[in-house]
Amino acid sequence: NAGVMQNPRHLVRRRGQEARLRCSPMKGHSHVYWYRQLPEEGLKFMVYLQKENIIDESGMPKERFSAEFPKEGPSILRIQQVVRGDSAAYFCASSPSSQATNEKLFFGSGTQLSVL
Amino acid sequence: GESVGLHLPTLSVQEGDNSIINCAYSNSASDYFIWYKQESGKGPQFIIDIRSNMDKRQGQRVTVLLNKTVKHLSLQIAATQPGDSAVYFCAENNYNQGGKLIFGQGTELSVKP
């Protein structure tokens, strides 16, 4: 019974390159959330998606960041033209399709993005 | 604005003692609260949750207390063990926010053997 799977665990990019972070939710979950965590800080909400729909992207930077959750395959968080300030741990979480609100989220182990 | 914060950024306790981690929230509309534990290099792990129609909930060695009057949340860990060493986050949500949780800054718990 696999949990939330994220890959890669570590990603190194040079400034200006693109970063693609992948997240496969728990089996049976169709709600995906992306959070960003800087060192010594809490998790900051970025985006909430359901299959083929972005529900809430209020935490996403307006430029260079995008997210998708296609009908088939994992959710992708894409960061174009990365800058050093994008270096952080990015966590994905999922929740069951029958529970849209007020339920706990199950988190993956995160992707540590380092921008050189 | 809405925020969830913690009173103590670090907490050091002796093994076997009880630990209390506190959290303040400012959004009076919040109706659901969760405590997560995060170990180094790992994702947050669910510990316990509580809804606003309750003021206390107990789990295995953990108890969460909710005081809506002063908008305060606490996590009590009984007989703290070295394996409890981690950063603890409170998070809050309300129906109007959809599924997203708002996290506090975190408290680092260090258990001395």
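See above for the structure.
Cut-offs used in this document
Residues numbered from 1 in each chain as written. Chains lettered and ligands numbered in written order. Predicted model: local features only at pLDDT ≥ 70, side-chain atom pairs only at ≥ 80, totals over all residues. Heavy atoms only, no water. Helix = DSSP H or I, 4+ residues; strand = E, 2+ residues; numbered from the N terminus. Rg over C-alpha atoms; globule rule 2.2 N^0.38 Å. Buried < 20%, exposed > 50% of the residue type's maximum accessible area, 1.4 Å probe, protein only. Contact = heavy atoms within 4.5 Å. Areas by Shrake-Rupley, 256 points an atom, 1.4 Å probe, with all protein chains shown as cover. Pairing = 2+ DSSP bridges. Core = buried A, V, L, I, M, F, W, Y, C linked by side-chain atoms within 4.5 Å. Disulfide = S-S within 2.5 Å.

Novice: Can you tell me about the overall build of chain A, naming the residues and giving the values?
Specialist: Within chain A, the secondary structure is distributed over 0 helices and 11 strands. Ordered by position from N to C terminus, the α and β elements of chain A give β-β-β-β-β-β-β-β-β-β-β. By the compact-globule yardstick of 13 Å for 116 residues, chain A fits well, its C-alpha radius of gyration being 13 Å. Along the three orthogonal principal directions, the C-alpha set of chain A runs to about 40 × 25 × 25 Å. Going through the 116 residues of chain A one by one, you find that 44% of them count as buried. For chain A, long-range pairs separated by at least 24 residues make up 53% of all intrachain contacts whose partners lie at least 6 apart in sequence. Accessible surface, chain A: about 5900 Å² in total, of which carbon and sulfur atoms supply 45%.

Novice: Please provide a residue-by-residue account of the environment of Arg 15 of chain A, values included.
Specialist: Residue and element names in this part refer to chain A. For Arg 15, the position within the fold is in the loop between β2 (10-13) and β3 (19-24). Taking relative accessible area as the criterion, Arg 15 reaches 55% and is therefore assigned exposed. Once the C-alpha coordinates of Arg 15 and Gly 85 are considered, the two residues, 70 residues apart in sequence, prove to be 9.9 Å apart. In this view, Arg 15 contacts Val 82, Val 83, Arg 84, Val 115 and Leu 116; residues no more than four positions away in its chain are not counted.

Novice: How would you summarise the pairing of β3 of chain A if you had to cite specific residues and measurements?
Specialist: Remark: a regular strand shows side chains that alternate across the two faces of the sheet. Residues and elements named next belong to chain A. Of the two faces of β3, the one holding Ala 19, Leu 21 and Cys 23 is buried and the one holding Arg 20, Arg 22 and Ser 24 is not buried anywhere. Direction of pairing for strand β1 (residues 5-7) relative to β3: antiparallel, over a ladder of 3 bridges. Pairing of Gln 6 across the sheet is with Cys 23, part of β3. Bridge analysis of β3 against strand β8 (residues 75-79) gives 5 bridges, and the strand direction is antiparallel. Bridge pairing in β8 places Cys 23 opposite Ser 75.

Novice: A description of the nonpolar core should follow, citing residues and the corresponding values.
Specialist: Among the nonpolar cores identified, the biggest contains 23 residues, and Trp 34, Met 46, Leu 77 and Tyr 90 of chain A are the most heavily contacted of them. Breaking this core down by element, the ones donating at least two residues are β3, β4 (29-37), β5 (43-50), β7 (65-68), β8, β9 (88-96) and β11 (111-115) of chain A. Beyond its immediate chain neighbours, meaning those up to four positions away, Leu 77 of chain A contacts Ala 19, Arg 20, Leu 21, Trp 34, Met 46, Met 60, Ser 66, Ala 67 and Tyr 90 of chain A. In terms of nonpolar packing, the next biggest core, distinct from the first, is built from 20 residues, Leu 11, Ile 21, Leu 75 and Ala 86 of chain B among them.

Novice: Break down the state of the cysteines for me, with residues and values.
Specialist: Evaluated as defined, the whole model comprises 2 disulfides over all chains. For Cys 23 of chain A, the disulfide goes to Cys 92 of chain A, at an S-S distance of 1.8 Å. On the sign convention where negative means left-handed, the S-S torsion of about -60° between Cys 23 of chain A and Cys 92 of chain A marks this disulfide as left-handed. On the criterion of sequence distance, the pair formed by Cys 23 of chain A in strand β3 and Cys 92 of chain A in strand β9 is long-range, its members being 69 residues apart. Owing to a relative accessible area of 1%, Cys 23 of chain A belongs among the buried residues under this scheme. The class of Cys 92 of chain A is buried, set by a relative accessible area of 0%. With its sulfur 1.8 Å from that of its partner, Cys 23 of chain B forms a disulfide with Cys 90 of chain B. The chirality of the disulfide connecting Cys 23 of chain B with Cys 90 of chain B is right-handed, given an S-S dihedral of about 55°. With Cys 23 of chain B in strand β3 (residues 19-25) and Cys 90 of chain B in strand β9 (residues 86-93), this residue pair connects regions lying 67 residues apart in the sequence.

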